[in-house]
Amino acid sequence: MDSCTYFADEDWRDHLVALADELVTVRAFCTAPEGFNGADREGNGVEVGRRRLREALPADRPVDDDLLAQGAASVVADADAEVLGRTVDDVVDLLVRRGSNDRTDEDLPTECPHPATDGSDRCVFHGDASPAAVREALHEALSADDPARHVVVGASFETLDLAGYVHRPAYNRPVDLRFCTVSERADLSDARFGTELRLDACSFGSVRAKGAAFDGTVRFAGARCRGAAGFRRVEFGGDAWFRHTRFEGDAGFGGAHFDGEAHFTDCRFEGGTDFLDATFADRTWFVGIHGGRRHRSGPRADLQFRNATFRSGVEFAGATLVGDLGLRGASIDGGLDCSGLVPGPDRPADERVVVDCTDATVADGKLHLPDDERVVFDCTDGAIADVTLVGGDSGVVPFDHLRVARTSFDGFAFEDHRGALGETWNLHRVHDPGRGRAVDADLAPKVLESTYLKARRGADATGDRTAASQFFVREMRYRRRLKRDAVGTGETATDRLRAAGGWATNALFGLSCGYGERPLRTVAVSLLLVAGYGAVFAGLGAVTRPDASLATVALENLTFSLQSFVSLIFGGVPRGATLPVRLLASSEGFLGGFLIALFVFALTRSVQR
């Protein structure tokens, strides 16, 4: 039986050129090593490419963003190759490298391992066979003992139907379906592959892989999915490679489990994307991705990782967010890297980009903050534990990138982040790009009280007494505000009266000793009390001398006030005083004893801090 001659014909070359034009955009080509100036995140490769294309293309063809989104092969083909310095072969080389997982030492196949059909020089996969015949032949080839037959490269399918298929390989050789085109749907739902599956640089109408299990590495690098991509509840037993993959419709990875490394570097998510309840057991990369979309109501968190689990850290470095990033309820061990994260080009300059970390836990590692001042992490009801904040180059105080509300800080070392907090110890301040400065978040007093209570407990747990002291003062201030508001909103008179008593007690505690954290304030209050009583005693004539000067009388009344202030400790009220004077002196002695005890308490706490 004759062999298939597909790889020896020009049709194979034409297939690669057409696939390159579909999968490689001008922008991607410019920033690749095959393009201009190497892969540069600062956009230098794109700028060099723009300049070269302006010189090489006809003058009436604008080199704008629309052209950068077009297929690179057709644009390069229309350009003057000598001026541009690049050819269609360079675009194909980029496609091949992506289809080889960025390896340059892997050659394309030169012979097809499948026999030609009767009356043709092509096999069933590279000819004009019916979809039913292709499906039957594919199952037969993948079930063959000869691993060479597991290679079906460069095929064109109407549908790729592997639903429910179970691949039990006799040899540890990959199933190779690279450089294929599937005009409609690729169905891998409930399939199981016991070895590596390669679908790099393929074009799909849509993908359905719900409930599939891949025991080995699975590769979709450089692929394009024009419609929906469903990978819900998929088990990725080995590494998962989705580098440079473009999802033009909604992409769903809800409930997926990644046992190996997950590579989504430079992916483009143009529809809604969710990894709800997904588990990432090993290192995970979403570096340089472009994701999300805008809606009539504004940006939305179209990149959703709600309740996802990252056990070895996750990187979003260099990502471009058209919408927002949702990490609500996520559990992150090993660090969160958002350095270089930027808003999409169409977002207003004064609009915040929200990384929603509500109810999320960042347990350990480093939290790399972005360079762009518009990015804010909403940590409401979340937890920041044994984490080190790494600031970006935005010029914003690191904590001003965080919206802190009822956030737990168990194990967080405030002592190592004094500079990140600034001089005010204000945790609820957040940067406002519209005003160009940090402003206090609009939070209710009850929320603020709980916020600083949790921060104080976190500081106490790590032995940082200075931070605990500062947070305790703020906690008590917002508790006083809460009591004040309750005076006017209590349901019953008893509730309002109880709130008023709580407010007065809190205010007195703060005024007299700064909530036990300011001993010098107690000294100041004591001096004012002695001076005030001295003036009253002088008015009542507690100490009089007809022949003495006014200054001497005032000094003796002040001395009498001072003696009364310490009378509870050093003796009673002097004899011979009138009843009003004795009553006043006794009251001053009571207050003096209280303030002296309060001073000792505050001084002891400050020494301990």
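Use the structure listed above.
Residues numbered from 1 in each chain as written. Predicted model: local features only at pLDDT ≥ 70, side-chain atom pairs only at ≥ 80, totals over all residues. Heavy atoms only, no water.

1. Brief notes about the packing of helix H1 (residues 10-23) against helix H7 (residues 88-99)
1) Next: In the contact formed by H1 and H7, the axes pass within 9 Å of each other and the chain directions differ by 80°. Here H1 lies roughly perpendicular to H7, going by the angle between them. When H1 is examined against H7, the residues Arg13, Leu16, Val17, Leu19, Ala20 and Leu23 are found in contact with a partner set consisting of Val88, Asp89, Val91, Val92, Leu95 and Arg98.
2) Next: Taken together, the residues of the contact of H1 with H7 break down into 9 nonpolar, no polar and 3 charged. (Axes fitted to C-alpha atoms, helices over the stretch in contact; angles between N-to-C directions. Helix = DSSP H or I, 4+ residues; strand = E, 2+ residues; numbered from the N terminus. Parallel < 35°, antiparallel > 145°, perpendicular 65-115°, else oblique. Contact = heavy atoms within 4.5 Å. Nonpolar A, V, L, I, M, F, W, Y, C, P; charged D, E, K, R; others polar.)

2. Topic: the pairing of strand S36 (residues 375-378)
A regular strand places its side chains on the two faces of the sheet in alternate fashion.
1) Next: Side chains Val375 and Phe377 of S36 all project onto a buried face; the interleaved residues Val376 and Asp378 project onto the opposite face, where all are buried too.
2) Next: The sheet contact formed by strand S34 (residues 353-356) and S36 spans 4 bridges and is parallel. Note that in S36 the partner of Val353 across the bridge is Val375.
3) Next: With 2 bridges joining them, S36 and strand S38 (residues 402-403) adopt parallel strand pairing. By the bridge assignment for S38, Phe377 is matched with Leu402. (Buried < 20%, exposed > 50% of the residue type's maximum accessible area, 1.4 Å probe, protein only. Pairing = 2+ DSSP bridges.)

3. Some details on the state of the cysteines
1) Next: Under the counting rule described, the total for this entry stands at 0 disulfides.
2) Next: The closest cysteine sulfur to the non-disulfide-bonded Cys338 is located on Cys357, 7.3 Å from its own sulfur.
3) Next: Exposure remark for Cys338: the relative accessible area of 0% places this residue in the buried category.
4) Next: You can see Cys357 has no disulfide; the closest cysteine sulfur is in Cys379, sitting 5.1 Å from it.
5) Next: You can call Cys357 buried: its relative accessible area is 6%. (Disulfide = S-S within 2.5 Å.)

4. A few points about a nonpolar patch on the surface
1) Next: On the surface, a cluster of nonpolar side chains totalling about 310 Å² of accessible area is made up of Leu520, Val523 and Leu527.
2) Next: Note on placement: Val523 falls in helix H13 (residues 519-540).
3) Next: A relative accessible area of 32% means that Val523 is categorised as partly exposed. (Patch = residues over 30% accessible without salt bridge, like charges linked within 9 Å, V, L, I, M, F, W, Y side chains within 5 Å. Areas by Shrake-Rupley, 256 points an atom, 1.4 Å probe, with all protein chains shown as cover. Salt bridge = Lys/Arg side-chain N within 4 Å of Asp/Glu carboxyl O.)

5. Section: the packing of helix H10 (residues 445-461) against helix H11 (residues 465-489)
1) Next: Where H10 meets H11, the closest approach of the two axes is 8 Å, and the angle between their N-to-C directions is 160°. Overall, the two elements H10 and H11 adopt an arrangement that is roughly antiparallel. Judged by the twist between their axes, the crossing of H10 over H11 is left-handed. Of the residues in H11, those in contact with Pro445, Lys446, Leu448, Glu449, Tyr452, Leu453, Ala455, Arg456, Ala459 and Asp460 of H10 are Ala467, Ala468, Phe471, Phe472, Arg474, Glu475, Tyr478, Arg479, Arg481, Leu482 and Asp485.
2) Next: Of the residues contributing to the contact of H10 with H11, the split by class is 12 nonpolar, no polar and 9 charged. (Left-handed = near helix turned anticlockwise from the far one by under 90°.)

6. Here's the deal with the pattern of salt bridges
1) Next: The tally for this structure, following the rule as stated, stands at 35 salt bridges.
2) Next: Where Arg283 meets Glu315, a salt bridge forms, and the shortest distance between an N and an O atom there is 3.0 Å. One end of the pair, Arg283, is in the loop between strand S21 (279-280) and strand S22 (284-285); the other, Glu315, is in strand S28 (residues 314-315), with 32 residues separating them in the sequence.
3) Next: Residue classification places Arg283 among the partly exposed residues on the basis of a relative accessible area of 22%.
4) Next: Here Arg403 and Asp378 are joined by a salt bridge, their closest N and O atoms 3.8 Å apart. Of the two residues, Arg403 sits in strand S38 while Asp378 sits in strand S36, which places them 25 residues apart along the sequence.
5) Next: Through salt bridges that share partners, Glu22, Arg224, Arg226, Arg246 and Glu248 make up one connected network.

Such coordinate-based values are descriptive only and should not be taken to indicate function.
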